[in-house]
Amino acid sequence: MQRVKYSTVQWIPTMIWLTFSTEHVRNTVITNKQGQVIYKTDTPFRLVRAHTATIQKIKPNNDQFNVLEEIEWHTFNSSKFRAGGTKIEMEEFIPK
């Protein structure tokens, strides 16, 4: 049996500067310190029905975005959180 050596890697925390294009976090573009777009959020206004906030991340070396998460906001029922094909009730994701 061959013995495997494990090495330890020291993790050094780094600070990431993010800038929001507006003070409205539901509809904004988020850039890094160099001004590169990293994320964007979009929440269309709905007066009666539930509205869905979409959080997207830019694809590396591309101008297209991948949907990371969606939040389906409800006024009277539980809101829902979707990420990676999984949909859960907001109370499970963020307990009171």
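Residues numbered from 1 in each chain as written. Predicted model: local features only at pLDDT ≥ 70, side-chain atom pairs only at ≥ 80, totals over all residues. Heavy atoms only, no water.

With that settled, consider the pairing of strand E4 (residues 51-58). With four bridges joining them, strand E3 (residues 37-42) and E4 adopt antiparallel strand pairing. The residue bridging Asp-42 from the neighbouring strand is Thr-54, located in E4. As defined by bridge partners, E4 adjoins strand E5 (residues 65-73) across eight bridges and the pair is classed as antiparallel. In the strand pairing of E5, Lys-57 is matched with Asn-66. Hairpin connection between E4 and E5: a loop of six residues separates the two successive antiparallel strands, and Asn-61 in this loop has a positive phi of roughly 55°. (Pairing = 2+ DSSP bridges. Helix = DSSP H or I, 4+ residues; strand = E, 2+ residues; numbered from the N terminus.)

Charged atoms that come close allow side chains of opposite charge to pair. Considering all chains together, one arrives at four salt bridges under this definition. Here Lys-87 ties to Glu-72 by a salt bridge, and the two come within 3.9 Å at their closest N and O atoms. Taken as a pair, Lys-87 in strand E7 (residues 86-89) and Glu-72 in strand E5 lie far apart in primary sequence, 15 residues in all. Judged by relative accessible area, Glu-72 falls into the buried class, the value being 16%. A salt bridge links Lys-80 to Glu-89; its shortest N-O distance comes to 3.5 Å. Through salt bridges that share partners, Glu-70, Glu-72, Arg-82 and Lys-87 make up one connected network. (Salt bridge = Lys/Arg side-chain N within 4 Å of Asp/Glu carboxyl O. Buried < 20%, exposed > 50% of the residue type's maximum accessible area, 1.4 Å probe, protein only.)

Pairing is antiparallel in the open sheet, where seven strands are placed in the order E1-E2-E3-E4-E5-E6-E7. Looking at strand neighbours, the two that pair on one side only are strand E1 (19-20) and E7, the edges of this open sheet.

By the element assignment, Val-29 lies in strand E2 (residues 28-31). In this structure, the C-alpha to C-alpha distance between Val-29 and Asp-42, residues 13 residues apart in sequence, is 8.9 Å. Discounting residues that sit within four places of it in the chain, Val-29 has contacts with Thr-19, Phe-20, Ser-21, Val-37, Tyr-39 and Lys-40. (Contact = heavy atoms within 4.5 Å.)

Our next topic: the environment of Met-90. With respect to the helices, strands and loops of the structure, Met-90 is situated in helix H1 (residues 90-93). The sequence separation of Met-90 and Lys-80 amounts to 10 residues, and the corresponding C-alpha distance is 5.2 Å. Aside from chain neighbours lying at most four places away, what touches Met-90 is Ile-71, Trp-73, Ser-78, Ser-79, Lys-80 and Phe-81.

Here the phi dihedral of Asn-61 falls at roughly 55°; this positive angle occurs in a residue that is not glycine. When you line up the elements, Asn-61 lands in the loop between E4 and E5.

Within the fold, Thr-43 resides in the loop between E3 and E4. Given a relative accessible area of 9%, Thr-43 falls into the buried group. A polar atom in the side chain of Thr-43 sits 3.0 Å from the backbone oxygen of Arg-26. Setting aside anything within four residues of it in sequence, one finds Thr-43 in contact with Arg-26, Asn-27, His-51, Thr-52 and Ala-53. (Polar contact = N/O pair within 3.5 Å; in protein donor to acceptor, adjacent residues only side chain to side chain.)

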